[in-house]
Amino acid sequence: MFLAFRESVSTALRAALAAREYPTDDLGIEEPPGDVDAVLASSVAFRLANAAGAPPPKLAAELASEIDPDEYAYLDRVETTGPYINFHPDEAYFADTLQSAQDDGYGTLDSKSESVVVEHTSANPTGPVHVGRARNPIVGDAVANLLSYAGYDVDRHYYVNDAGRQIAVFTWAYETFDEDDLEEPPARDRIEYDMVRYYRKGNEFLENASAEDVDAAETEIQHILQGLEAGDEEVYERVTVVVDSVLEGMRACLSRLPAEFDEFVKETRFMRNGDAADVIARLKELDEAVYEDEAWQLTFEEIEKNLVFLRADGTSLYTTRDLAHHEWKFDNYDRAVTVLGEDHRLQADQLRAALDLLGNDTDALDNVFYGWVNLPGGEGMSTRQGTGIQLDDLLDEAVARAREEVESRLDDRLRDDDLSEADIDRIARQVGIGAVRYDIVSKQPSKGITFQWEEALNFEAQSAPYVQYVHARCCGILAEADGVDPAAEIGPLETAAERELLRTIARFPGVVDDAAGDLEPHRVATYTREIAERFNAFYRACPVLDADPETRAARLALVSASKHAVANALDILGVEAPESM
């Protein structure tokens, strides 16, 4: 309904501008301030005032007079407030919203028949996932969810760096040292925690061993890199043992968030099938390619740093192989979205520029950049040194803290259902992990954040538990009722609290559409806080189960609609919606 109403407003305003012979390229449609009783407003009169030779309020009134609401779906009336043109929906808009939001899939938009690959996380398989990188899978998964809700056909990919020096060092170390050479037991009983000890041992050896021993090790490491470049099957199998073992554990960790993937795409794939070699040959033919400092490099007009794409020893680099990877994406998908840390901006710029030079249409490529996640005190995050806090540790503590909070609230629960230990465990997991995800994804990605427990797990503030509790409350009300009447009408919903809640529910499809267009899932988090506030205001002001039959039916439908909007908004964010808390 909101999208249809917005389309009616756009059509009506465009026609009014054309009738007055004004340009129609910028309609200035936006949500009005909270004190304006309209669903949409336009500030177009500001933009055109000088050209029209009239003050904005007068121009707004002229444009409003050109619009006949009867000609447009869901449009009731058009009014002006100073320079703003305000658009009000009719009762059919609210009635259809109430009915539409009874659907479990409310907020899911029509198919756009467009495929999108979302690549995220893609952390090097050298050890456990650590907190500093936690934002990538959380933001990436939310972006993929958002695009799926918006009607795109979405695949989720993890690009595996299984050909770089780190992996060669890891493979050499795993084959060189045994358990007796390692100083500490695994931090957890999972494969990547076991394997990372070999990686640390290898790096320690290369830093501290004698020059002769280091030279011998470097010779073997170089042999591994050369073997991968040459497509040596035996070398590839050696590397695969290490990479797949670590990935197995990393997947187990990420599944706790959860962050699932449709495919793990290895960069050696593009070395073995010849795509990387083809890219190198084409790069060498470009006018921008130079051989300097014993390496082939690509120069750019607007990027100061050259892209080294082939070393003197004949080995390619990560970005070289990623060029082949992206051309494969372009061949198989309509759009490609990549979630990257802020420290990869230069690499992303070089990649895009190189793809342009190779003749690709890079309009199909979008990047979402994120800042780092820090913990109070600025704990280190170096996996190379083996320090810092792993994502598993953060999630364990989140669940433990959530359990304490849930148990402390048991005596204050409004519902009289008894929670078993299994129920408390489930709720603690839903609330704890949900708090981590929500706190991270609710912030604008480009800004670094410091994770604060007292904020993330605050049941009273604008946090995941605050929103989750609204869903649980909706479920509790509906459980006590004898079902929702599918024929419930909007008529009895007349109070300001009821109308504000329904107005907010109606906006959800528009939030999905706008947030997906800008790849900004944090806007959905903002929406969840708004609808939670509206629902709580409604709950305080409007009895549901004790109302007269007609009002009771309408309010139960409103509770059901709220439940679906909250549940699906949380689902986009990857946060579970508990039925009881």
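Owing to the predicted nature of the structure, the values given are computational and were not obtained by experimental measurement.

Some points on the overall build of the chain
Argument step 1. Helix and strand counts for the chain stand at 20 helices and 14 strands.
Argument step 2. If you line up the chain on its principal axes, its C-alpha atoms span 85 × 65 × 40 Å.
Argument step 3. The buried share among the 581 residues of the chain stands at 54%.
Argument step 4. Put simply, 75% of the contacts in the chain that link residues at least 6 apart link residues at least 24 apart.
Argument step 5. If you sum the accessible surface of the chain, you get close to 24900 Å²; carbon and sulfur atoms cover 44% of it.
Argument step 6. For the chain, the distance from the average site of its 53 positive side-chain charges to the average site of its 117 negative ones is 3 Å.

A short note on the nonpolar core
Argument step 1. Judged by nonpolar contacts, the single largest core of 159 residues is most densely connected at Phe5, Ile85, Leu147, Trp172, Ile505 and Phe538.
Argument step 2. Examining the composition of this core, we find that 13 residues originate from one element, helix α20 (residues 549-573), more than from any other.
Argument step 3. Non-local contacts of Trp172, meaning those with residues more than four positions away in its chain, are made with Phe177, Gly202, Phe205, Leu206, Ala217, Glu220, Ile221 and Ile224.
Argument step 4. If you look at the next biggest cluster of nonpolar residues, it comprises 28 residues, including Phe270, Val279, Leu283 and Phe300.

Comments concerning the packing of aromatic side chains
Argument step 1. A full pass over the atoms with the stated rule returns 23 aromatic pairs.
Argument step 2. Centroid distance Tyr106 to Phe508: 6.0 Å. Interplanar angle 50 degrees. Geometry classified as tilted. Remark: Phe508 occurs in helix α18 (residues 496-518) and Tyr106 occurs in the loop between α4 (91-100) and β5 (115-119); sequence separation between them is 402 residues.
Argument step 3. A relative accessible area of 0% means that Phe508 is categorised as buried.
Argument step 4. Following the ring pairs from residue to residue traces out a cluster consisting of Phe5, Tyr74, Tyr93 and Phe94.

Some points on unusual backbone geometry
Argument step 1. Cis peptide bonds are those with omega within 30 degrees of zero, and the linkage from Leu257 to Pro258 qualifies with -5 degrees.
Argument step 2. Although it is not a glycine, Asp293 adopts a positive phi angle of roughly 50 degrees.
Argument step 3. Here Asp293 lies in the loop between β8 (289-292) and β9 (295-298).

Regarding the sheet that holds β9
Argument step 1. Overall, antiparallel pairing links the 3 strands, which are arranged β8-β9-β10 in an open sheet. Single-partner strands in this sheet number two, and they are β8 and β10 (307-311). The sheet shows a mean angle of 30 degrees between the axes of neighbouring strands, direction not considered.
Argument step 2. Bridge count for β9 against β10 is 4 bridges, and the pairing is antiparallel.

So, α4
Argument step 1. Among the residues making up α4, those that are buried are Tyr93, Phe94, Thr97 and Leu98. Mapping the buried residues of α4 onto a view down its axis gives an arc of 130 degrees, with all of them on the same face.
Argument step 2. The inward-facing, buried residues of α4 abut α1 (2-19), β4 (84-89), α18 and α20.
Argument step 3. One side-chain oxygen of the residue at the start of α4 lies 3.2 Å from the amide nitrogen of Ala92, identifying that residue as Asp90.

Examining the sheet that holds β5
Argument step 1. Spatial ordering of the open sheet is given by β7-β6-β5-β11-β12, a layout of 5 strands whose pairing is parallel. A strand with exactly one partner marks an edge of an open sheet, and here the two such strands are β7 (263-266) and β12 (365-370). For this sheet, the mean angle separating the axes of adjacent strands, direction not counted, is 30 degrees.
Argument step 2. In this structure, β5 lies alongside strand β6 (residues 153-160), joined through 5 bridges in parallel fashion. Pairing of Val118 across the sheet is with Arg156, part of β6.

Regarding the packing of helix α12 (residues 318-332) against helix α13 (residues 345-357)
Argument step 1. Orientation of α12 relative to α13, taken along the N-to-C sense of each, is 60 degrees, at an axis distance of 10 Å. One element, α12, and the other, α13, form an angle in the oblique class. In the crossing of α12 with α13, the sense of the turn from one axis to the other is right-handed. Here α12 contributes Tyr318, Thr319, Asp322, Leu323, His326, Glu327 and Phe330 to the contact with α13, which in turn contributes Gln347, Leu351, Ala354 and Leu355.

Some points on the pattern of salt bridges
Argument step 1. If you walk through the whole model with that rule in mind, you get 50 salt bridges.
Argument step 2. Taking the shortest distance from any N to any O, the salt bridge between Arg238 and Glu175 comes out at 2.7 Å. With Arg238 in helix α9 (residues 233-254) and Glu175 in helix α6 (residues 165-176), the pair connects residues that are 63 residues apart, well separated along the chain.
Argument step 3. We classify Arg238 as buried; its relative accessible area is 16%.
Argument step 4. A salt bridge links Asp392 to Arg256, with the nearest nitrogen and oxygen atoms 3.0 Å apart. Here Asp392, found in helix α14 (residues 391-408), pairs with Arg256, found in the loop between α9 and β7; they are 136 residues apart in sequence, far enough to count as distant.
Argument step 5. Owing to a relative accessible area of 0%, Asp392 belongs among the buried residues under this scheme.
Argument step 6. We classify Arg256 as partly exposed; its relative accessible area is 26%.
Argument step 7. Each member of the salt-bridge network shares a partner with another, and the members are Arg188, Arg190, Glu192, Arg256, Asp392, Asp393 and Asp396.

Regarding the packing of α1 against α18
Argument step 1. Running from N to C, α1 and α18 point in directions that differ by 75 degrees, and their axes come no closer than 7 Å. Judged on the interaxial angle alone, α18 and α1 are roughly perpendicular. Across from Phe2, Leu3 and Arg6 in α1, the residues of α18 making contact are Ala506, Arg507, Pro509, Gly510, Asp513 and Asp514.
Argument step 2. The residue inventory of the contact of α1 with α18, partitioned by class, reads 4 nonpolar, 1 polar and 4 charged.

Quick notes on the environment of Phe177
Argument step 1. In this structure, Phe177 sits in the loop between α6 and α7 (191-208).
Argument step 2. For Phe177, a relative accessible area of 12% gives the class buried.
Argument step 3. Put simply, Phe177 and Tyr198 are 21 residues apart on the chain and 7.0 Å apart in space, counted from C-alpha to C-alpha.
Argument step 4. Setting aside chain neighbours within four positions, we find Phe177 in contact with Trp172, Tyr198, Lys201, Gly202 and Phe205.

So, the environment of Val436
Argument step 1. Position of Val436 among the secondary structure elements: in helix α15 (residues 421-441).
Argument step 2. For Val436, the residues in contact, after removing those within four places along its chain, are Ile138, Leu394, Leu395, Ala398 and Phe451.

Quick look at the confidence of the model for the chain
Argument step 1. Here the chain averages 93 in pLDDT, while 97% of its residues score no lower than 70.
Argument step 2. The low-confidence segment residues 378-387 (pLDDT under 50) makes 21 contacts with residues lying over four places distant or belonging to another chain.

Side note on the side chain of His325
Argument step 1. Mapped onto the secondary structure, His325 falls in helix α12.
Argument step 2. Classification of His325 by relative accessible area gives buried; the value is 1%.
Argument step 3. With residues up to four places along the chain from it excluded, the contact list for His325 reads Glu119, Tyr159, Val265 and Phe270.

Basis of the calculations
Residues numbered from 1 in each chain as written. Predicted model: local features only at pLDDT ≥ 70, side-chain atom pairs only at ≥ 80, totals over all residues. Heavy atoms only, no water. Helix = DSSP H or I, 4+ residues; strand = E, 2+ residues; numbered from the N terminus. Buried < 20%, exposed > 50% of the residue type's maximum accessible area, 1.4 Å probe, protein only. Contact = heavy atoms within 4.5 Å. Areas by Shrake-Rupley, 256 points an atom, 1.4 Å probe, with all protein chains shown as cover. Lys, Arg positive; Asp, Glu negative; His and termini not counted. Charge placed at Lys NZ, Arg CZ, Asp CG, Glu CD. Core = buried A, V, L, I, M, F, W, Y, C linked by side-chain atoms within 4.5 Å. Phe/Tyr/Trp six-rings, centres within 6.5 Å; stacked < 30°, edge-to-face > 60°. Pairing = 2+ DSSP bridges. Axes fitted to C-alpha atoms, helices over the stretch in contact; angles between N-to-C directions. Arc of directions from axis to C-beta. Polar contact = N/O pair within 3.5 Å; in protein donor to acceptor, adjacent residues only side chain to side chain. Parallel < 35°, antiparallel > 145°, perpendicular 65-115°, else oblique. Left-handed = near helix turned anticlockwise from the far one by under 90°. Salt bridge = Lys/Arg side-chain N within 4 Å of Asp/Glu carboxyl O. Nonpolar A, V, L, I, M, F, W, Y, C, P; charged D, E, K, R; others polar. pLDDT = per-residue confidence, 0-100.

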